[in-house]
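Examination of the molecular architecture
Now for the letters of each chain:
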Amino acid sequence: MLKNNIRSVKASEIELKEKVVAINRVAKVVKGGRRFSFAAIVVVGDGNGVVGYGLGKANEVTDAIAKGIDDAKKNLVKVPVYHNTVPHAMEGKYSGGFVLVKPAAPGTGVIAGGAMRAVLESAGIKDVLCKSKGSSNPHNVVKATFDALSKMRDPLAVAQQRGVNLQKVFNG
């Protein structure tokens, strides 16, 4: 998974809302015909900078979603949100999926494709510009979005590290 420099969070402390990104029906051919099972990608978040994703597989859609939610609660991360947008532009990559995430002016809204939109809205980011480049596979897009968000740095932490005030970080 994406474990480099990610700040993990406990699921029991916060109220999470879940969004189903994609449901995939998988057919296995057996002697009596086809046996169907389902895989669901689920994103959970508190709308305040905490977000996670999970994959659930089961013979019923509801069971797959429930398993995905449980898996997502185990993979929660804290992402920096600054004035309802991301602090700076960042590219994320996972396998064939590339995403570009850029901050936007207030009132812009979430301009992003389906899988990215679910992640960003669950994280509580309200104004952002995004572009999905490369693979449109929801698995790769979600993981690439998490990669981009996890590489972002909080402006306050950058200011403390550099030993300057917050205005100097943004204005140079």
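Described in the following lines is the structure provided in the data block. (Residues numbered from 1 in each chain as written. Predicted model: local features only at pLDDT ≥ 70, side-chain atom pairs only at ≥ 80, totals over all residues. Heavy atoms only, no water.)

**What to know about the pairing of strand 5 (residues 90–94)**
Relative to strand 6 (residues 97–103), strand 5 runs antiparallel, the two being bridged by five bridges. Residue Tyr94 lies in a different strand from strand 6, and its bridge partner there is Gly97. Hairpin geometry of strand 5 and strand 6 is characterised by an intervening segment of two residues between the two adjacent antiparallel strands and by a positive phi of about 55 degrees at Ser95. (Pairing = 2+ DSSP bridges. Helix = DSSP H or I, 4+ residues; strand = E, 2+ residues; numbered from the N terminus.)

**Focus: the pattern of salt bridges**
Applying the stated criterion to the full structure yields four salt bridges. Across the pair Glu121 and Lys19 runs a salt bridge, and its minimum N-O distance is 2.5 Å. On the criterion of sequence distance, the pair formed by Glu121 in helix 2 (residues 114–123) and Lys19 in strand 1 (residues 17–30) is long-range, its members being 102 residues apart. When the shortest N-O distance is used, the salt bridge between Glu121 and Arg117 registers 3.3 Å. Taken together, the positions of Glu121 and Arg117, both in helix 2 and four residues apart, correspond to about one turn of that helix. The exposure class assigned to Glu121 is partly exposed, which follows from its relative accessible area of 33%. What makes Arg117 partly exposed here is its relative accessible area of 31%. What you see here is one network of salt bridges that share partners, running through Lys19, Arg117 and Glu121. (Salt bridge = Lys/Arg side-chain N within 4 Å of Asp/Glu carboxyl O. Buried < 20%, exposed > 50% of the residue type's maximum accessible area, 1.4 Å probe, protein only.)

**Focus: the packing of aromatic side chains**
Applying the stated criterion to the full structure yields one aromatic pair. One cation-aromatic arrangement involves Arg25 over Phe36; the distance from NZ or CZ to the ring centre is 4.1 Å. (Phe/Tyr/Trp six-rings, centres within 6.5 Å; stacked < 30°, edge-to-face > 60°. Lys NZ or Arg CZ within 6 Å of the ring centre and 35° of its normal.)

**What to know about the sheet that holds strand 8 (residues 128–134)**
The strand order across the open sheet formed by four strands is 5-6-8-7, and the pairing between neighbours is mixed. In this open sheet, the two strands that pair with only one neighbour each are strand 5 and strand 7 (110–111). Sheet topology places strand 7 next to strand 8; two bridges connect them, and they run parallel. Paired with Ile111 across the two strands is Leu129, which belongs to strand 8. Packed on one face of the sheet, helix 2 meets strand 6, strand 7 and strand 8 and runs near 145 degrees to strand 8. Along the sheet, helix 3 (residues 138–151) makes contact with strand 5, strand 6 and strand 8, crossing strand 5 at roughly 140 degrees. (Contact = heavy atoms within 4.5 Å. Axes fitted to C-alpha atoms, helices over the stretch in contact; angles between N-to-C directions.)

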